[in-house]
Amino acid sequence: MCYFEQTLWSCGYWKWGNFRQQCNKEYRTGETCGLKLVYETNFIPSPCKICEQITKKDRRLRKMAEDIARWQREGNRMATIEKTQQDIAGVQGQIRELWRGHEEKQRSIC
């Protein structure tokens, strides 16, 4: 049960930090026993990098949807609209993957 720092963001995402203290079960210098306990938690009030990526992709989705609406009003841009709709599907898949990884990390213990 060795002690490590922990970083916790406002969104609930966290990660292990640096090794801080060795427990009495491990006698070799510089080695850890494999069980991690929190020595100190560093709270970061801003969202994590994954949340920032999701926010950027959401803005991109909004922009693409606005473009499609504008092109439909203007007419004569069917190929561009179809390509942008395919791009939207790709970005939505990326957002789902980011959210899945984010939620898994929030629920995990180590």
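In the block above lies the structure referred to throughout.
Residues numbered from 1 in each chain as written. Predicted model: local features only at pLDDT ≥ 70, side-chain atom pairs only at ≥ 80, totals over all residues. Heavy atoms only, no water.

**Student:** Explain the nonpolar core to me, please; I cannot follow it from the model alone.
**Tutor:** Proteins that are soluble and globular tend to have nonpolar side chains buried together. Ranked by internal contacts, the top residues of the largest apolar core, which has 15 residues, are C48, I50 and L61. Elements that contribute at least two residues to this core include exactly α1 (49-74) and α2 (78-107). Broken down by element, the residue count for this core peaks at seven residues, all from α1. Counting five residues, the second largest nonpolar core, distinct from the first, contains F4, W14, W16 and C23. (Core = buried A, V, L, I, M, F, W, Y, C linked by side-chain atoms within 4.5 Å. Buried < 20%, exposed > 50% of the residue type's maximum accessible area, 1.4 Å probe, protein only. Helix = DSSP H or I, 4+ residues; strand = E, 2+ residues; numbered from the N terminus.)

**Student:** I'm lost on the pattern of salt bridges in this one. Help?
**Tutor:** One pass over the full model with this rule turns up eight salt bridges. In this structure, E40 engages R20 in a salt bridge whose closest nitrogen and oxygen atoms are separated by 3.6 Å. Of this pair, E40 sits in strand β3 (residues 36-44) while R20 sits in strand β2 (residues 14-21), placing them 20 residues apart in sequence. The network of salt bridges with common partners includes K63, D67, R70, E74 and R77. (Salt bridge = Lys/Arg side-chain N within 4 Å of Asp/Glu carboxyl O.)

**Student:** What is the right way to read the pairing of strand β1 (residues 2-9) from this model?
**Tutor:** The side chains of a regular strand alternate between both faces of the sheet. Of all the eight residues making up β1, six are buried; the element is thus mostly covered by neighbouring parts of the structure. As judged from the eight bridges shared by β1 and β3, these two strands associate in the parallel manner. For T7, the partnering residue across the bridge sits in β3 and is N42. Pairing of β1 with β2, which is carried by five bridges, proceeds in the antiparallel orientation. Bridged to T7 within β2 is K15. (Pairing = 2+ DSSP bridges.)

**Student:** Looking at this structure, how should I read the environment of E82?
**Tutor:** One can find E82 in helix α2. Remark: the alpha-carbon pair of E82 and I54, spanning 28 residues in sequence, is separated by 23 Å.

**Student:** I keep staring at α2 and nothing clicks. Help me out?
**Tutor:** Quick reminder: α-helices carry 3.6 residues per turn. Residues three or four places apart thus point the same way. Taking 1.5 Å of rise per residue, the 30 residues of α2 would be expected to cover 44 Å, and the 44 Å separating its terminal C-alpha atoms lies within 8% of that figure. Within α2, burial applies to I81, T84, I88, V91, I95, L98 and H102. At its buried positions, α2 is contacted by α1. (Expected span 1.5 Å × (residues − 1). Contact = heavy atoms within 4.5 Å.)

**Student:** Would you take a moment to explain a positive patch on the surface for this structure?
**Tutor:** Together, K49, K56, R59 and R62 line one region of the surface with positive charge. By the secondary structure assignment, R62 is in helix α1. (Patch = residues over 30% accessible without salt bridge, like charges linked within 9 Å, V, L, I, M, F, W, Y side chains within 5 Å. Areas by Shrake-Rupley, 256 points an atom, 1.4 Å probe, with all protein chains shown as cover. Lys, Arg positive; Asp, Glu negative; His and termini not counted. Charge placed at Lys NZ, Arg CZ, Asp CG, Glu CD.)

**Student:** What is the right way to read the packing of α1 against α2 from this model?
**Tutor:** In a packed pair of helices, the relevant descriptors are the angle between the two axes and the axis-to-axis distance. Contact geometry of α1 with α2 gives a least axis separation of 10 Å together with a crossing angle of 160°. Put simply, α1 runs roughly antiparallel to α2. Of the two elements, α1 crosses α2, and the hand of that crossing is left-handed. Split into classes, the residues belonging to the contact of α1 with α2 amount to 14 nonpolar, eight polar and four charged. (Axes fitted to C-alpha atoms, helices over the stretch in contact; angles between N-to-C directions. Parallel < 35°, antiparallel > 145°, perpendicular 65-115°, else oblique. Left-handed = near helix turned anticlockwise from the far one by under 90°. Nonpolar A, V, L, I, M, F, W, Y, C, P; charged D, E, K, R; others polar.)

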